[in-house]
Amino acid sequence: MTPLLELREVRKHFHLGHGKVVRAVDGVSLTIGEREAVGLVGESGCGKSTLARTVVGLHPPTGGSILFRGEPLPVRYRAGDFRRLGRKIQMIFQDPYSSLDPRMTVREIVTEGPLIHGLWRRAEAVSRAALLLGRVGLSPDDMSRFPHEFSGGQRQRIGIARALALEPEVLVCDEPISALDVSVQAQVVNLLARLRRSMGLTILFIAHDLSMVRYVSDRIAVMDRGRIVELGPADDVYFRPKHPYTRALVAANPALELVRTLRRPIPALSVQGPVAREPDERGSALDRPYPPPPPDA
Amino acid sequence: MIPLLEVRDLGVEFDTYGGAVQAVRGVGFSVEPGKTLAIVGESGCGKSATVHALAGLVPSPPGRVTSGSVRFEGRQLLGMSTRELNRIRGKRMGVIFQDPMTSLNPTMPVGKQLTEALRFHEGLTGRPARHRAIELLERVRIADAGARADDYPFQFSGGMRQRVMIAMAIACGPALLLADEPTTALDVTVQAEILALLTELQRERGMAVVLITHDLGVVARVADDVAVMYAGRIVERGTVEDVFARSAHPYTLGLEAAMPHAGEGDRRPLVPIEGSPPDLFRPPAGCAYFDRCPWAMQVCESRDPPLLTVKTGHESRCWLHDARAHRPPELQADGQVEASS
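Residues numbered from 1 in each chain as written. Chains lettered and ligands numbered in written order. Predicted model: local features only at pLDDT ≥ 70, side-chain atom pairs only at ≥ 80, totals over all residues.

Draft legend 1. Representation of the overall build of chain B. Of regular secondary structure, chain B possesses twelve helices and twelve strands. Taking 341 residues into account, the globule formula puts the C-alpha radius of gyration at 20 Å, and chain B, at 21 Å, falls close to it. Based on the C-alpha atoms only, the size of chain B along its principal axes is roughly 70 × 50 × 45 Å. Within chain B, the fraction of its 341 residues that count as buried is 53%. (Helix = DSSP H or I, 4+ residues; strand = E, 2+ residues; numbered from the N terminus. Rg over C-alpha atoms; globule rule 2.2 N^0.38 Å. Buried ≥ 20, exposed ≤ 12 C-beta atoms within 10 Å, placed from the backbone.)

Draft legend 2. How the structure looks around the nonpolar core. Core analysis: the largest hydrophobic core is formed by 185 residues, its most contacted members being V172(A), L204(A), F205(A), A167(B), L176(B), L178(B) and V228(B). The residues contacting F205(A), other than those within four sequence positions of it, are A37(A), G39(A), L40(A), C173(A), V213(A), V216(A) and S217(A). (Core = buried A, V, L, I, M, F, W, Y, C linked by C-beta atoms within 7 Å. Contact = placed C-beta atoms within 7 Å.)

Draft legend 3. Highlighting unusual backbone geometry. The step from S60(B) to P61(B) runs through a cis peptide bond, and the omega angle for that step is -15 degrees. Positionally, P61(B) belongs in the loop between α1 (47–54) and β4 (63–72). In this model, E167(A) sits at a positive phi of 50 degrees, which is unusual for a non-glycine residue. With respect to the element layout, E167(A) can be found in the loop between α5 (152–164) and β7 (170–174). Residue classification places E167(A) among the partly exposed positions, given that 14 C-beta atoms sit within 10 Å. Unusually for a residue other than glycine, D144(B) sits at a positive phi of about 60 degrees. Looking at where D144(B) falls in the secondary structure, it is placed in the loop between α5 (126–139) and α6 (145–148). Take D144(B): there are 10 C-beta atoms within 10 Å of it, and that puts it in the exposed class.

Draft legend 4. Fine view of the sheet that holds strand β2 (residues 19–31) of chain B. Residue and element names in this part refer to chain B. Taken in spatial order, the four strands line up as β2-β1-β4-β5 in an open sheet, and their pairing is antiparallel. Looking at strand neighbours, the two that pair on one side only are β2 and β5 (75–76), the edges of this open sheet. Relative to β5, β4 runs antiparallel, the two being bridged by two bridges. Opposite F72, over in β5, you have R75 as the bridge partner. (Pairing = 2+ DSSP bridges.)

Draft legend 5. How the structure looks around the sheet that holds strand β12 (residues 314–316) of chain B. All names here are of chain B. In space, the eight strands of this open sheet follow the order β6-β7-β8-β3-β9-β10-β12-β11, with mixed pairing throughout. What marks the edges here is a single partner per strand, and that holds for β6 (93–96) and β11 (308–311). Strand-to-strand twist of the sheet, defined as the mean angle between neighbouring strand axes without regard to direction, takes the value 20 degrees. In the sheet, β6 pairs with strand β7 (residues 176–180) via four bridges, with the strands oriented parallel. When the bridges of β7 are listed, I96 appears paired with A179. Helix-sheet contacts for helix α7 (residues 158–170) involve β6 and β7, and the interaxial angle to β6 is about 165 degrees. (Axes fitted to C-alpha atoms, helices over the stretch in contact; angles between N-to-C directions.)

Draft legend 6. View of the packing of helix α4 (residues 110–122) of chain B against α5(B). All names here are of chain B. Relative to each other, α4 and α5 sit at 115 degrees, their axes nearing to 9 Å. Where α4 crosses over α5, the handedness of that crossing is right-handed. Only A129, R130, R132, A133 and L136 of α5 make contact with α4, whose side of the interface consists of G111, L114, T115, L118 and R119. When the residues that make up the contact of α4 with α5 are grouped by side-chain class, the tally is five nonpolar, two polar and three charged. (Left-handed = near helix turned anticlockwise from the far one by under 90°. Nonpolar A, V, L, I, M, F, W, Y, C, P; charged D, E, K, R; others polar.)

Draft legend 7. Fine view of the pairing of strand β4 (residues 63–68) of chain A. All names here are of chain A. Looking at chain direction, strand β1 (residues 3–17) and β4 are connected through five bridges and run antiparallel. Directly across from L5, in β4, lies its bridge partner F68. Here β4 pairs with strand β5 (residues 71–72) via two bridges, running antiparallel. Each residue of the ladder has a partner; that of L67, found in β5, is P72. Hairpin connection of β4 to β5: two residues between the antiparallel strands, including R69 at a positive phi of 50 degrees.

Draft legend 8. Expanded view of the packing of helix α9 (residues 244–252) of chain A against helix α8 (residues 188–205) of chain B. Between α9(A) and α8(B), the least distance of the axes is 8 Å, while the angle of their chain directions is 55 degrees. With respect to α8(B), the axis of α9(A) lies oblique. Seen from above, α9(A) lies across α8(B) with left-handed handedness. In this structure, α9(A) uses A248(A), L249(A) and A252(A) to contact α8(B), whose residues at the interface are V188(B), T189(B), Q191(B) and A192(B). (Parallel < 35°, antiparallel > 145°, perpendicular 65-115°, else oblique.)

Draft legend 9. Highlighting the environment of A161(A). Inspection of the secondary structure puts A161(A) in helix α5. For A161(A) and I92(A), which are 69 residues apart along the polypeptide, the C-alpha to C-alpha distance reads 9.6 Å.

Laid out in structure tokens, this is it:
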């Protein structure tokens, strides 16, 4: 696999004044292949979000280098750098509330980037935005609406559409599902998996939920106090953790397995697949036998 | 056994600019001494409003309890004056919340906050009160408790603050602990420690716990009984084994199918629950899960099902458990299905 993104001894230190320094990212080396999905896990304060923001150019690294297709990314982005390189690495943020401008319509949010980058002509912007919204499971009718009119999961879809509008090669997802409910998490994770396949995306997926990260990623990197302490194929890290910190994380993982062992398998539900809710499907559901209402109700 | 807490037909509404939201629509359950009941559900299902109503903490305005009965140790809590409630809350009933930073007083050392409850309920002051406060901090395993008692909340980490909250909640030896998402804001390793501590204290003191959470993993780890809430109602309730191993409501099955499978190499696609919960400004006439249910029937659109008994102690608010329905194999729970209302 060609390395698409290469991190070499990346460091990001924050100076708090009075000589205090937080070594948020302290020498991280990681190579991500083309079309690979790498999961990055760790607890709050381990530096995973800082690393994500450094990779997309939101923080200038204190040291080390980040290479995209072998070319070092600038430490401080200038206007031209963003145009040339910035759009190739896009980010999806954790909080679908604060990461969308409340005063912009969905159309403005999605078309702003590609218009600035000259990827879309103004005349075609609306139709291309409509196409993109369709791909992330929103309707073209949503274009004139504002972020506050959407649920958390739908907002995350808007954020994904905004990122994809720039035709990136790398998608950095910083805790994209941790603010969402379980049923909606599955919607967003499935969407990301589908887009990854259809658009050939490379993904850096950051989360603290190890079981979800294992599900999404080819490899998992475990971060603790600014460093990667374990890196390996997803199932190896999850089922045969070597580092004591990873072991502690796996052991503390909320006991999804416990739920599963209590359950008997439910094959039929999976066979049936996602519950389609098209009008004709609704009709057939109504045709099924039903009990008449009880006489006393 | 006589239940410690018995809730019937509880209703809670909140006024908003768009009208009244019916957050809780007729919730009922009971908790026996020493047991843990977990109330699970997703955001907006009414689980927090339910617990706030139990503790008389529904902010009014804009909220109000519209119906129901809450009997705790034989006494009706709804309609009780704040003065009367204050003799119960903090003494017989402890409460811990999700965010320990906003529920502790930031301007008061934690030791002093602890002695406040002891003074109010037990008339304990001065040196003996401080001793008890330090004992409590030690009990929740805060290292160097004597010195830390003089620290302010901001000097504690999230997990430590939650320990302080627990110490305050158990200070007067309550019979019931209400815990509203106590570990949601914490890292998983800290979460595991706090859950272990809660379980240990519960066993030691024979305390009952009502635990609110959205995390099915947490439920499986600590609860005896589970109530699954959806759109302001309990849709399924029973023991942990009943609800997870013999799930009898399509929503419960849907939640489980949406979680990643744990087996090695198992990358079965997650099955999300498409759509979203109904608008509680105008709750639907029929089943609230109708739009999202893979097994929806005609009756479900027009008539809200009652809680039907799947087997003793295991109930599901779903027409599929009516004796006349053709149940899909996934819902063929063990035992005789009988209709009740």
